[in-house]
Amino acid sequence: MENFIKQLIDNNIEKSLIDKLTTLLSNTNGKFYIIYPKENKFRFPYLLYIPNKLESNTLILHGNNLAQEEGNIMNIYSALFETTASAGYDLLNLNQPIIVPVTSNYIHPANNNMHEFFPMQASRNVLFCSNPNNTYYKLFEQINNMIDDCRNFIFEKINTTIAQKIICHGFSSSAKFVLRYATCYPERVSLLIAGGFGNQAFVPLEKIAIENKKIELIYPIGIKDINHITGKPFDCDNFKEMKQFYFIGAEENEDNDTAFNFRHTDEDIKNIYEKVFGNIYQSRFDKLVKIYKDLGYNNVEFVRYPNYGHSSTPGIKHTTELILKYRNLKIGGITLWTIYQIQKFLK
């Protein structure tokens, strides 16, 4: 971190921002590491937090909700604060490792008639990018490589083996990023938490009938073409096994809606959203809940909190409870089952 702070100084970043960062680091009961790109593995950095006192060996994947433009050193700075203070969450007090891929914000297209390349939300044009020279080419494959690299790094640093399944956690844009990753790779995820997710959870279907017409549900709405991202069919069994918690505030509205925002979503996707869900924000939530209920998914929980907007909600308390339930416990050199695993075994 000393080298990073020196880089901030060399780049003439405001002293008040640097002071804020040094204060944060001095009050943290753990260490942050910046892992820079590695050839043939990942093309952009990730941030890793390792607590001094490890209580769980379950890694948390958290999205970079405060992302800056590509190549800006403040992108890493933003990831640091995203880890510690996103929407009121206090992930550091959970005392388990956290990884934040340092994705960038909007990347403006050469053609102004196209919507923007949006890595921090894992937008369709990012995941289907065909340019092998692009930083975010095969984005989720890079995320898998980061997680594997993180396992090796943690083992070398503190002689601890990270659990096979991770927890995905995000709010707002970072919620969309992690829910899209988890849907593509549910075999790697035990728990998905997505707050303020814009009512954009996946419909786990390839097609849906609306007014007697079959509508194909492509990424990021449904699973029709997920195989083009992962190289394999949609993993329905693990998707049904993965615990999922989605929540919004009842006061959220179209101001928080990225599904119909030109910057985020191209016309084809917007048209599918409108046909399947309509364009009223809160009604889309109700329709999404009904779809999952009709499909019989009992591993998915949707909650809408009255009197809250797109900000801190009681979902934060429930988030902590879920993480404590679904993570592995680490006592001395012994890794114990999760509370959830024990409950399943006793059944």
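Residues numbered from 1 in each chain as written. Predicted model: local features only at pLDDT ≥ 70, side-chain atom pairs only at ≥ 80, totals over all residues. Heavy atoms only, no water.

A. Just the overall build of the protein, in detail. A count of helical and extended segments in the protein gives 12 helices and 12 strands. Out of the 347 residues in the protein, the part that is buried amounts to 56%. For the protein, the share of sequence-separated contacts (at least 6 apart) that also reach a separation of at least 24 residues comes to 67%. Summed over its atoms, the accessible surface of the protein is roughly 15900 Å², and 49% of this surface lies on carbon and sulfur atoms. (Helix = DSSP H or I, 4+ residues; strand = E, 2+ residues; numbered from the N terminus. Buried < 20%, exposed > 50% of the residue type's maximum accessible area, 1.4 Å probe, protein only. Contact = heavy atoms within 4.5 Å. Areas by Shrake-Rupley, 256 points an atom, 1.4 Å probe, with all protein chains shown as cover.)

B. Looking closely at the packing of aromatic side chains. All chains considered together, the criterion is met by 21 aromatic pairs. Geometrically, the ring pair formed by Phe 32 and Tyr 49 is tilted, given 5.0 Å between the ring centres and 50 degrees between the ring planes. Within this pair, whereas Phe 32 is found in strand β1 (residues 30-35), its partner Tyr 49 is found in strand β2 (residues 46-51), the two being separated by 17 residues in sequence. Summarising the aromatic geometry, the rings of Tyr 33 and Phe 153 are spaced 5.0 Å apart at their centres and angled 65 degrees between planes, so their arrangement reads as edge-to-face. Taken together, the residues Tyr 33 in strand β1 and Phe 153 in helix α5 (residues 139-158) connect sequence positions 120 residues apart. With relative accessibility at 19%, the residue Tyr 33 sits in the buried group. On the basis of relative accessible area, Phe 153 is assigned to the buried category, the value being 16%. A cation sits over an aromatic face here: Arg 124 above Phe 128, 4.1 Å from the ring centre. When the ring centre of Tyr 297 is taken as origin, the NZ or CZ atom of Lys 240, which lies over that ring, is 5.5 Å away. (Phe/Tyr/Trp six-rings, centres within 6.5 Å; stacked < 30°, edge-to-face > 60°. Lys NZ or Arg CZ within 6 Å of the ring centre and 35° of its normal.)

C. The arrangement of the pairing of strand β7 (residues 207-210) in detail. Pairing between β7 and strand β8 (residues 213-216): four bridges, direction antiparallel. Each residue of the ladder has a partner; that of Ile 208, found in β8, is Ile 215. Once β7 ends, the chain turns through two residues before running back antiparallel as β8, passing Glu 211 with a positive phi of about 50 degrees. (Pairing = 2+ DSSP bridges.)

D. Inspection of the environment of Arg 180 at higher detail. Of note, Arg 180 is situated in helix α6 (residues 173-184). With a relative accessible area of 3%, Arg 180 lands in the buried category. Between the alpha carbons of Arg 180 and Phe 202 there is a distance of 7.7 Å; along the sequence they are 22 residues apart. Look past the residues within four positions of Arg 180 in its chain and what remains in contact with it is Gln 121, Ala 122, Ser 123, Phe 140, Gln 200, Phe 202, Tyr 219, Pro 220 and Tyr 273. Among the polar contacts listed, one links the side chain of Arg 180 to the side chain of Gln 200, at a separation of 2.9 Å. (Polar contact = N/O pair within 3.5 Å; in protein donor to acceptor, adjacent residues only side chain to side chain.)

E. Quick look at the sheet that holds strand β10 (residues 300-305). Strand order in the open sheet formed by eight strands is β1-β2-β4-β3-β5-β6-β9-β10, with mixed pairing between adjacent strands. With one partner strand each, in any of the chains shown, β1 and β10 form the two edges of the open sheet. Neighbour-to-neighbour, the strand axes of the sheet open up by a mean angle of 15 degrees, direction not taken into account. The pairing of strand β5 (residues 166-171) with strand β6 (residues 189-195) spans six bridges and is classified as parallel. (Axes fitted to C-alpha atoms, helices over the stretch in contact; angles between N-to-C directions.)

F. Representation of α5. For α5, spanning 20 residues, the distance from its first C-alpha to its last is 28 Å, which sits close to the expected 28 Å at 1.5 Å a residue. Asn 159, located one to two residues past α5, shows a positive phi value of around 55 degrees. (Expected span 1.5 Å × (residues − 1).)

G. Seen up close, the pattern of salt bridges. On inspection of all chains with the given rule, the structure shows 10 salt bridges. As a salt-bridge pair, Glu 187 and Lys 232 come within 3.6 Å of each other at their nearest N and O atoms. Of the two residues, Glu 187 is situated in the loop between α6 and β6 and Lys 232 in the loop between α7 (227-230) and α8 (236-241); the sequence distance between them amounts to 45 residues. Judged by its relative accessible area of 26%, Glu 187 falls in the partly exposed class. A cluster of three or more residues bridged by salt bridges with shared partners is formed by Asp 148, Arg 151 and Arg 188. (Salt bridge = Lys/Arg side-chain N within 4 Å of Asp/Glu carboxyl O.)

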